[in-house]
Amino acid sequence: MGLINNIEVRPLESVKGGTVDFYTPQSSDETMLVQIPPATMEDLFVHRFQTDQLLVVRGSVVLVVLRNRQYEYIPLIDTQPTVVKIPPGILHSAINLSSETCVVVNAVLRHGTPHERDYQPIKPPFPYDLELAKAKLREVNCSANSQLLPVS
């Protein structure tokens, strides 16, 4: 997928072992398991001394990034293992548009002592475009569904 304003978005590489895919974990200083409840729209966060490396392992989520007074929407689903790397200083959030809890692994890279405001939510300066977020998620779901085997 590539870079989106210094944010790296890339499919997670795997190795086949028979019928099983083995995915290499991301190196990190700390690994967090994050549960995002259904129908959730989080406020924005910014980390000053931390890079987030996010991977959805159950469900779906749309990451929201605020750059140059515009939101960018990055859809992630569990059926397409994709890592999103968010470097320090970038405002970001998450929207769970589904009726199920989304589970995300965050392989955090530390670049110094966390700042006290790193985990304080910041109110979005203008509303998220939920229709655009839904459309982005539908695009990824359609792509994933086209890879499914037909049921007989």
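Quick summary incoming for the structure in this document.

What counts, and where the lines are drawn
- Residues numbered from 1 in each chain as written.
- Predicted model: local features only at pLDDT ≥ 70, side-chain atom pairs only at ≥ 80, totals over all residues.
- Heavy atoms only, no water.
- Helix = DSSP H or I, 4+ residues; strand = E, 2+ residues; numbered from the N terminus.
- Rg over C-alpha atoms; globule rule 2.2 N^0.38 Å.
- Pairing = 2+ DSSP bridges.
- Buried < 20%, exposed > 50% of the residue type's maximum accessible area, 1.4 Å probe, protein only.
- Contact = heavy atoms within 4.5 Å.
- Salt bridge = Lys/Arg side-chain N within 4 Å of Asp/Glu carboxyl O.
- 1 Å grid on protein atoms, 1.4 Å probe; cavity = no way out; pocket = protein on both sides within 12 Å on 5 of 7 lines; lining within 4 Å.
- Points joined across faces, edges and corners; volume = space filled by probe spheres on them.
- Nonpolar A, V, L, I, M, F, W, Y, C, P; charged D, E, K, R; others polar.
- Polar contact = N/O pair within 3.5 Å; in protein donor to acceptor, adjacent residues only side chain to side chain.
- Patch = residues over 30% accessible without salt bridge, like charges linked within 9 Å, V, L, I, M, F, W, Y side chains within 5 Å.
- Areas by Shrake-Rupley, 256 points an atom, 1.4 Å probe, with all protein chains shown as cover.

Some remarks on the overall build of the chain
Counting secondary structure elements, the chain contains 1 helix and 12 strands. Sequence-ordered secondary structure for the chain, helices as α and strands as β, is β-β-β-β-β-β-β-β-β-β-β-β-α. Taken against the 2.2 N^0.38 rule, which gives 15 Å for 152 residues, the C-alpha radius of gyration of the chain at 16 Å falls within 12% of a compact globule. Taken along the three principal axes of its C-alpha coordinates, the chain extends 55 × 35 × 25 Å.

Some words on the sheet that holds strand β6 (residues 40-41)
An order of β6-β11-β8-β9 is seen for the 4 strands of this open sheet, with the pairing classed as antiparallel. Edge positions in the sheet fall to β6 and β9 (70-77), since each of these pairs with one other strand and no more. As defined by bridge partners, strand β8 (residues 60-67) adjoins β9 across 8 bridges and the pair is classed as antiparallel. Bridging across to β9, R67 finds its partner in Q70.

Section: the environment of I86
With respect to the element layout, I86 can be found in strand β10 (residues 82-86). Of the residues examined, I86 reaches a relative accessible area of 2% and is grouped as buried. It is 6.5 Å that separates the C-alpha atoms of I86 and Q53, two residues lying 33 residues apart in sequence. Residue contacts for I86: discarding those within four places in its chain leaves I7, Q50, T51, D52, L54, L63 and H92.

Quick look at the pattern of salt bridges
Under the definition given, this model contains 6 salt bridges. The closest approach of N and O atoms between D43 and K123, which form a salt bridge, is 3.3 Å. Here D43 is found in the loop between β6 and β7 (50-58), whereas its partner K123 is found in the loop between β12 (102-110) and α1 (130-145), with 80 residues between them in sequence. A relative accessible area of 18% places D43 in the buried class. Taking the relative accessible area as the measure of exposure, K123 reaches 63% and is therefore exposed. The partner of E131 in a salt bridge is K134, with the nearest N and O atoms 3.6 Å apart. Note that E131 and K134 are positioned in helix α1 at a spacing of 3 residues, about one turn of the helix.

What about the layout of surface pockets?
The computed volume of the largest pocket comes to approximately 400 Å³. Lining the largest pocket are 22 residues, and of these V34, F45, D52, H92 and A94 sit closest to its centre. For the lining of the largest pocket, the elements supplying multiple residues, two or more each, are β5 (30-36), β7, β8, β11 (91-96) and β12. Looking at the lining of the largest pocket residue by residue, the classes come out as 13 nonpolar, 7 polar and 2 charged.

Observations concerning the side chain of H47
With respect to the helices, strands and loops of the structure, H47 is situated in the loop between β6 and β7. Among the residues examined, H47 registers a relative accessible area of 7% and is labelled buried. Here D52 takes part through its side chain, which lies 3.2 Å from a polar atom of the side chain of H47. A polar contact is formed between the side chain of H47 and the backbone oxygen of D118, at a distance of 3.4 Å. The residues touching H47, leaving out its near neighbours within four places in the chain, are D52, P88, G89, H92, D118 and Y119.

Quick notes on a nonpolar patch on the surface
A cluster of nonpolar side chains, V15, V20 and F22, forms an exposed patch at the surface whose accessible area comes to about 280 Å². With respect to the helices and strands, V15 occurs in strand β3 (residues 14-17). The class of V15 is exposed, set by a relative accessible area of 52%.

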